[in-house]
Amino acid sequence: METRLTSVIAGFIPLLDSAVLVAAKEIGFAEREGIALKLVRESSWANIRDRIAVGHFDVSHMLAPMPIAASLNLTSLSVPMLAPMVLGLGGNAITVSSTLWMEMADQGADQNGDPASTGSALARVIRARGEARGSSIRFGVVHPFSGHAYELRYWLAAAGIDPDRHVEITVLAPQLMADALTAGHLDGYCVGEPWNSAAVVAGTGRIVTCKQSIWPNSPEKVLGVTRKWALANPEVLAALMRAMSAAADWCSDPNNANHLTEILTGPQYLACTPSICRPALCGEMRFDLTAAQTIPDFLTFSGGETAAPMPAHGRWFYEQMVRWRQAEFSDDQVEEVSSIFSPSLYRAALGLEEKAAEGSIRLFDTP
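For clarity, every value in this text was computed on a predicted model and none was experimentally measured.

Asks: Sorry, what's going on with the pairing of strand β3 (residues 59–63) here?
Replies: In terms of residue burial, β3 counts as a mostly covered element, since 5 of its 5 residues are buried. Neither face of β3 is exposed, since V59, H61 and L63 on one face and S60 and M62 on the opposite face are all buried. Note that strand β1 (residues 6–12) and β3 share 2 bridges and pair parallel. For G11, the partnering residue across the bridge sits in β3 and is S60.

Asks: What's the story with the environment of F29 in this structure? I'm lost.
Replies: Here F29 lies in helix α2 (residues 29–32). The exposure class of F29 is buried, given its relative accessible area of 11%. F29 sits 217 residues away from A246 along the chain, and the two C-alpha atoms are 6.8 Å apart.

Asks: Mind showing me how you'd approach the pattern of salt bridges here?
Replies: Oppositely charged side chains can form a pair if their charged atoms are brought close together. Taken as a whole and judged by the stated rule, the model has 15 salt bridges. The salt bridge partner of E42 is R51, with a shortest N-O separation of 2.8 Å. Judged by its relative accessible area of 11%, E42 falls in the buried class. For R227, the salt bridge is made with E336, and the minimal N-O distance between the two is 3.5 Å. Placement of R227 in helix α11 (residues 227–232) and of E336 in helix α16 (residues 331–340) is noted, with a sequence separation of 109 residues between them. Members of the salt-bridge network, linked through shared partners, are D17, E151, K211, E220 and K221.

What counts as what
- Residues numbered from 1 in each chain as written.
- Predicted model: local features only at pLDDT ≥ 70, side-chain atom pairs only at ≥ 80, totals over all residues.
- Heavy atoms only, no water.
- Buried < 20%, exposed > 50% of the residue type's maximum accessible area, 1.4 Å probe, protein only.
- Helix = DSSP H or I, 4+ residues; strand = E, 2+ residues; numbered from the N terminus.
- Pairing = 2+ DSSP bridges.
- Salt bridge = Lys/Arg side-chain N within 4 Å of Asp/Glu carboxyl O.

Below you can see the structure in the form of structure tokens.
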């Protein structure tokens, strides 16, 4: 007798760290757990936010800060949410136009992406431009409530650059960033792979630093789910997380990199060439068109213990929201954020023991 599968609809954005969801479907991990996983490609994080809020999606590939913003009523169509599983660590970079990079290099920017050096060089460029002609520099991020926005702001502020006065920050869909840079609409951006490598391969951009250098081994995307759906479907959610944990382990195996690249580059997923997908999957990043740099942990997929959320990480995102005046601090909200990033559901689903320690947060500087 054929086993009846439970349908789960998941939204995703065309980024490499959608790989866990994609592998769960394409390699069969979801089906083994009794789930018929349907993936729906979306064009922007705002669409992901809205469609999960109104029930078009059961779960979603989601920016780690988004469940916090939705639960604290900081964004439109806010609903209480959870981030019960981390899908990937790292994977972001800051890319600037070739023109801006030449100016930064003249100011002593480190070729290997040291964030303190490249940030200081950019600060000197901004001062020089201001004295010469008053021209502004425009950066792109994928969403106001995103790791990209907070990492970019953190990097700028650590160099003495006020993100709200000395540069302009605008929001753009990830897959449009490289084209916007080429067209001159942006001078730089912070985005997930492969859309940094897209500018490098095109010869129009240069990576100046990456998430792993700013906040090592930090969460980037999570499994986003409304509290209502999680409470109504606890067994389905547990089965889905088991499937995705197994998929993450498969994605992490270097022997599967070619197969994973082949799947992700398909038209229904990233619709891009292998040349821009492979670098981050293999830990061989090109900051420019010269030799690749080995950064094995540039992007890591998190299964097992590493996929358990940490309340401390949620609180760091909340602190950035407060710092950049997106939220007003309250002790009640801190407790809410900690519950959003609670590891309990994930640990229970995988049969992992609860841990007292939350881990630590280490950034390249503390401005």
